[in-house]
Structure formats: C-alpha cells, structure tokens
There are 2 protein chains.
Amino acid sequence: MPGIRHTFEADLHRVDEILLRMCELAGEAAGDATASLAACDVALAQRVIDGDPAIDALHHELEERLLHIIARRAPVATDLRMLLAALRVGADLERMGDLARHVAKLVRMRYPRPVAPGDSRALVLDMGSVAVRLAALTHALLESHDIGLVNELIGVDDRLDHLHRTLLSSLLEPDWEHGVEPAVDLTLIARFYERYGDHTVTIAHQVQFIVTGSLPEPRPREVAGPARQKIVVPR
Amino acid sequence: MPGIRHTFEADLHRVDEILLRMCELAGEAAGDATASLAACDVALAQRVIDGDPAIDALHHELEERLLHIIARRAPVATDLRMLLAALRVGADLERMGDLARHVAKLVRMRYPRPVAPGDSRALVLDMGSVAVRLAALTHALLESHDIGLVNELIGVDDRLDHLHRTLLSSLLEPDWEHGVEPAVDLTLIARFYERYGDHTVTIAHQVQFIVTGSLPEPRPREVAGPARQKIVVPR
C-alpha cells in the first residue's frame, strides 16, 4: 500500500527532523559550554543552561510522536525496530544536552575563578572540541545513514577517552599545584565530556543497527583511572 | 476479547519478572560493591564486576520480548505506554548495574589501598546503604505499583543527594589530609551512587505514569558542588 507507506515515510521524516535538531542543539551546547569554560564567560554558560529545556521539549515531542506512530501504524519487524531505536537515540541526545549543561554549571559555579587552571585547561578544551566533533559526526550519521561514519566516530571517541585518561593522570602528577578543589571539578568535567562521547557511540550503534540489522561486538573501553591502573568507563 | 487479553497479561507477567529480577540484581550489586569498599574485599569487588553481564542479558531479553509483544499485539494507548515505560525502566536498571560495577572497579583498582580514607569512609558507606534502600523501594514499587512508595523513594533519594553534598564538601575542608588521588576517587564514587539514585527516581516516575497516567512536575534537584555554591546534578 504505497499510499500508507508514503504517509509512514512522512511520519518518519518529522522524527528525523527532530533527531537532527536535537543533535544540532546538543552539539551547540557542548561547543558553547566549552567556549564559556575557555573564556570564563558566565553569560555564555548561562545561555547554555537556559537552552537545555529546548532540547528536552524536542525529546518530549519525539516520544509523543513515536508513541502515536506505533499506535496508529502498528509497525512490525524492521519498522518497529527503527522506531524504538529512534526512541533510544532521542534519550541519548537529551542526555548529551544535560551533560553540556553540567559543564556550563560548573563554569558558572566557579566564576570568576577558571575551572581549569594551568596546563589542565588545554586538555579540557581539547575534550570539548572532540565532543563537538562527535556531535557533528553523529549529525552526519543520522542524516546520511552512512555506516562508514561509525568507525570514524568510534575512533574520535577513542581520542576523547585518551584525553580523559591524560587529564585524570595529570591531576596526580607531582607538579599538580592547584590543590583538591580544581581536581574535583576537573574530575567531574572530564567525566561529563567522556559520557557525552559515550552517548554518541551508542547512537552510532543504533544507526548501524537500523541500517545493517546487526550490532558490532561490544568493545571493552578502558580508561586509566587517576592512577596508572585501569578501569572500564561506563557506557 | 478476554482470551487475547489473558495472553497479553501472560506476556506482561514475564516482562514484570524480568524487571523485578534486574532490580534485585542491581540492588545486590550496589550492596556488594559497597561491602567490597567497606572491607577492601577485592574478591567481592570482582564478583560484582563479573555479575554485571547477567543484568545486561536480562535487559537484552526484555528489549526483545517487548519488541515482539508490540509487534504481535499492536497495543495502543495505555498498553503501549506501559510497554514503552517498561523499556525505559529496563534501561535504567541496566545502568544501575553499570554504576554499581564502577564502584567495584574503583575498589579493585586501588586495592589494597582503601578508596575511602578517614572520615570519608562512613559517608561513602552511608551512600551505599541508601542506594541499596532505593533499589529495595524500587523493587517494591515495581511489584506493587503502590504509588504511595514514590514519595518515600524520592525522600530517600534526597538523603542520598544530601550525603553527596556532604561528601564533596568534606573533600575541601581544611582538615582533608588525604591528598588529591582519594579526592578524585571519591568524587567519582559519590557521583556513581548519586546517579544510581537518580535512576531509581526515574523508574518511580515511570511507574507513577503507568498507574496514574500523569507525571509530577519535575523538581529541580540541587546539590552543593565541592564549594558552598550549588549546581544541579544531572537527572
């Protein structure tokens, strides 16, 4: 029934629009949060915080639309898996917005003191720019369904994990001279960026699943703890 | 069609069984991870880490069952909302297992050094026992759908947030004499427990939504940052 199929495609088109817009906003939030950290710009940090409800509202619209599509169309098999994957992707994008907001909140909390003193600043800004790159790759993947982007995205996330390891280790070097409070802040900020990246990997796997019908074997993802030993970071 | 309804109930019964079992395992994981931290028991920490795949396997079974129920029954309205809520609850329970595992990984990473030195130890153990209490309340709520438990659970989660605030603040007291590394570890561990609690609140809201068809107004949840100022903790 091409007519019905066509209308179903129209439903999916709006779902894609919402996901792409959420991804744009989550990427902008990560970029602005990082810029507010770089410049100790509390007004920009506040704009990131104030912008998060727009992502939440899109997430709510997405959930309602998906619910109505499933109820009205009673999709099966691939279509249903695709709709449930979109539900999952939306939850990941909403969370990415939260994590960018938490970075901005720490910038605001410490203002006018910079949250990232000394050499740690460059590492944090690198984590932020890699997070923005991951959001851009996620957007391209959601738009194109080009599975070739999945491995690229995973490779970029590995860079984020490496920066995370390096930053945590730097807090424990003998030459760390900034004391406990910045170390606590940086532990949280690094964690926020690292989780942001994990969500983009989860989204990439969802898209891969939609397109190929199968998922890669889960990769154990190691990150150095504050010490030399290793812990697996949450996915 | 009571016959079909009956079979639908049978489908839901297995979904409930899986959710309850996942919640049991997530609660046990939090309890054992906390006990391994208390006793610096690396073997127990390892058992928590080794036990997590069982929760992941149940989560996978849950997702597949829900997919097949939706595809076969084409539920609408309340039934569909309930099934999608179960999907969400399963994701939260799976994540709670991960967070308990991360606590155990830090215990293993630092062994034989205790991750929580001095006075911080009692606070961390309190966070762990409150987390276990939250898992028990979540289990009771999933089993009984007694909405009276929602506010009790939220109240207990507020205690967890208070302990989180107190622990972060204690790292910055002048009498904190344990240096940066334990402060970084405790920042992460406190974060893991606090997120664990947040997931139980999300589950409680899902159950409330299933039963009442409406959600409470989201409460802004403040937590003191390492300093006296406040930041909102991620939901």
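Cut-offs applied
- Chains are numbered independently. Their residues run from 1 in the order of the written sequence.
- Working convention: letters from A go to chains and numbers from 1 go to ligands, in the order in which they are written.
- Restriction of local features to residues with pLDDT of at least 70 applies here, the model being predicted, together with a cutoff of 80 or more for giving and counting side-chain atom pairs; totals for whole chains, interfaces and linings are based on all residues.
- To obtain the side-chain values, all non-hydrogen atoms of the structure were included, while hydrogens and water were left out.
- Numbered from the N terminus, helices here are DSSP runs of H or I no shorter than four residues, and strands are runs of E no shorter than two.
- For the exposure calls, accessible area comes from a 1.4 Å probe over protein chains only, and a residue counts as buried if that area is under 20% of its type's maximum, exposed if over 50%, partly exposed in between.
- In this description, contact between two residues means that some pair of their heavy atoms is separated by no more than 4.5 Å.
- Under the convention used here, a 1.4 Å probe and the Shrake-Rupley method define accessible areas, while residue burial counts only the protein chains that appear.
- UniProt positions are given in the numbering used here, feature names are shortened, and annotations may be inferred rather than shown by experiment.
- All axes here are fitted lines through C-alpha atoms, helices being fitted over the stretch that makes contact, and every angle between N-to-C directions spans 0 to 180 degrees.
- Put simply, angles under 35 degrees are roughly parallel, angles over 145 are roughly antiparallel, angles from 65 to 115 are roughly perpendicular, and the rest are oblique.
- Note: crossing handedness is left-handed where the near helix turns anticlockwise from the far helix by less than a right angle, and right-handed where it turns clockwise.
- Think of it as three bins: nonpolar holds Ala, Val, Leu, Ile, Met, Phe, Trp, Tyr, Cys and Pro, charged holds Asp, Glu, Lys and Arg, and polar takes everything else, Gly as well.
- A cavity, in this analysis, means grid points on a 1 Å lattice covering only the protein atoms where a 1.4 Å probe fits yet has no way out; a pocket is instead an open set bounded by protein on both sides within 12 Å along at least five of seven lines, and a residue lines either one if it has an atom within 4 Å of a point.
- Grid points are joined across faces, edges and corners, and a volume is the space filled by probe spheres set on the points.
- pLDDT: the predictor's confidence for each residue, scored from 0 to 100.
- In this description, a nonpolar core means a group of buried Ala, Val, Leu, Ile, Met, Phe, Trp, Tyr and Cys residues linked to one another through side-chain atoms lying within 4.5 Å.
- Two N or O atoms form a polar contact when they lie within 3.5 Å of each other; inside protein one atom must be a possible hydrogen donor and the other a possible acceptor, and for residues adjacent in sequence the pair counts only when both atoms belong to side chains.
- The length a helix should cover is 1.5 Å for every residue beyond the first.
- Any carboxyl oxygen of Asp or Glu within 4 Å of a side-chain nitrogen of Lys or Arg constitutes a salt bridge here.

### Let's talk about the overall build of chain A
For step 1, the next point in the chain: Scanning chain A for helices and strands turns up six helices and two strands.
For step 2, the next point in the chain: Mapped from its N terminus to its C terminus, chain A presents α and β elements in the order α-α-α-α-α-α-β-β.
For step 3, the next point in the chain: Counting across all 235 residues of chain A, residues that qualify as buried make up 57%.
For step 4, the next point in the chain: If you take every contact in chain A between residues at least 6 apart in sequence, the share linking residues at least 24 apart comes to 80%.
For step 5, the next point in the chain: On chain A, roughly 9300 Å² of surface is accessible, and the fraction owed to carbon and sulfur atoms is 57%.

### Observations concerning the UniProt feature "domain: PhoU" (unreviewed entry) in chain A
All names here are of chain A.
For step 1, the next point in the chain: Within this numbering scheme, the UniProt entry marks residues 19–107 and 125–206 as carrying the feature "domain: PhoU" (unreviewed entry).
For step 2, the next point in the chain: Each end of residues 19–107 is marked by a C-alpha atom, and these two atoms are 28 Å apart; helix forms 94% of the span and strand 0%.
For step 3, the next point in the chain: Between the first and last C-alpha atoms of residues 125–206 the distance is 28 Å; the span itself is 85% helix and 0% strand.

### Remarks on the packing of helix α3 (residues 77–110) of chain A against helix α6 (residues 180–212) of chain A
All names here are of chain A.
For step 1, the next point in the chain: It is the contact of α3 with α6, at a shortest axis distance of 9 Å, that shows an interaxial angle of 165 degrees. Classified by the interaxial angle, the pair formed by α3 and α6 is roughly antiparallel. Crossing handedness for the pair α3 and α6: left-handed.
For step 2, the next point in the chain: Residue composition of the contact of α3 with α6, by class: 17 nonpolar, five polar and eight charged.

### Observations regarding the layout of surface pockets
Residues and elements named next belong to chain B.
For step 1, the next point in the chain: Taken as a whole, the second largest pocket holds about 260 Å³ of empty space.
For step 2, the next point in the chain: Forming the walls of the second largest pocket are 15 residues, and the residues nearest its centre are Asp-16, Leu-19, Met-82, Leu-142 and His-145.
For step 3, the next point in the chain: Contributing elements (two or more residues each) for the lining of the second largest pocket: α1 (2–39), α3 (77–110), α4 (120–144) and α6 (180–212).
For step 4, the next point in the chain: With six residues, the top contributor of residues to the lining of the second largest pocket is α1.
For step 5, the next point in the chain: Taken together, the residues of the lining of the second largest pocket sort by class into 11 nonpolar, one polar and three charged.

### Describing the side chain of Thr-138 of chain B
For step 1, the next point in the chain: Position of Thr-138 of chain B among the secondary structure elements: in helix α4.
For step 2, the next point in the chain: Each residue touching Thr-138 of chain B, except ones within four places of it in the same chain, is listed here: Cys-23, Leu-153, Thr-200 and Ile-203 of chain B.

### Description of the confidence of the model for chain A
For step 1, the next point in the chain: Confidence in the prediction of chain A, expressed as mean pLDDT, is 90, and 89% of residues score 70 or more.
For step 2, the next point in the chain: Note that residues 221–235 of chain A has pLDDT below 50 and, in this model, 70 contacts with residues that lie over four places away or in other chains.

### Quick notes on the packing of helix α2 (residues 42–73) of chain A against α3 of chain B
For step 1, the next point in the chain: Put simply, α2 of chain A and α3 of chain B touch, their axes get as near as 11 Å, and they point 125 degrees apart. Classified by the interaxial angle, the pair formed by α2 of chain A and α3 of chain B is oblique. In terms of crossing hand, the pair formed by α2 of chain A and α3 of chain B is right-handed. Of the residues in α3 of chain B, those touching α2 of chain A at Glu-63, Glu-64, Leu-67, Ile-70 and Ala-71 of chain A are Leu-80, Arg-81, Leu-84 and Arg-88 of chain B.

### Digging into the nonpolar core
For step 1, the next point in the chain: Counting residues in hydrophobic clusters, the biggest one holds 153 residues, and the most contacted among them are Leu-93 of chain A together with Leu-37 and Leu-93 of chain B.
For step 2, the next point in the chain: Residues in contact with Leu-93 of chain A, not counting those within four places in the same chain, are Leu-19, Met-22, Cys-23, Ala-26, Ile-55, Leu-142 and Ile-203 of chain A.

### Things to note about the environment of Thr-187 of chain A
For step 1, the next point in the chain: Here Thr-187 of chain A lies in helix α6.
For step 2, the next point in the chain: In this structure, the C-alpha to C-alpha distance between Thr-187 of chain A and His-13 of chain A, residues 174 residues apart in sequence, is 40 Å.
For step 3, the next point in the chain: With residues up to four places along the chain from it excluded, the contact list for Thr-187 of chain A reads Leu-168 and Leu-171 of chain A together with Val-184, Thr-187 and Leu-188 of chain B.
For step 4, the next point in the chain: Separated by 2.6 Å, the side chain of Thr-187 of chain A and the backbone oxygen of Ala-183 of chain A make a polar contact.

### Notes on unusual backbone geometry
Working note: non-glycine residues mostly have negative phi, and peptide bonds are mostly trans.
Residue and element names in this part refer to chain A.
For step 1, the next point in the chain: A cis amide bond, omega 5 degrees, links Tyr-111 with the succeeding residue Pro-112.
For step 2, the next point in the chain: For Pro-112, the position within the fold is in the loop between α3 and α4 (120–144).
For step 3, the next point in the chain: Despite not being glycine, Cys-40 has its phi angle at roughly 50 degrees, a positive value.
For step 4, the next point in the chain: Within the fold, Cys-40 resides in the loop between α1 (2–39) and α2.

### A few points about α4 of chain B
For step 1, the next point in the chain: Between its first and last C-alpha atoms α4 of chain B spans 36 Å; for 25 residues at 1.5 Å apiece the expected length is 36 Å, and the two agree.
For step 2, the next point in the chain: Directly beyond the C-terminal end of α4 of chain B, a positive phi value near 55 degrees is found at His-145 of chain B.

### Overview of the pattern of salt bridges
All names here are of chain A.
For step 1, the next point in the chain: Within this structure, the stated rule accounts for 36 salt bridges over all chains.
For step 2, the next point in the chain: The closest approach of N and O atoms between Arg-195 and Asp-198, which form a salt bridge, is 3.3 Å. Linking Arg-195 with Asp-198, this pair stays in helix α6, spanning three residues, or about one helical turn.
For step 3, the next point in the chain: Classification of Asp-198 as buried rests on a relative accessible area of 1%.
For step 4, the next point in the chain: Shared partners join several salt bridges into a network, and the residues in it are Arg-14, Glu-17, Glu-61 and Arg-65.

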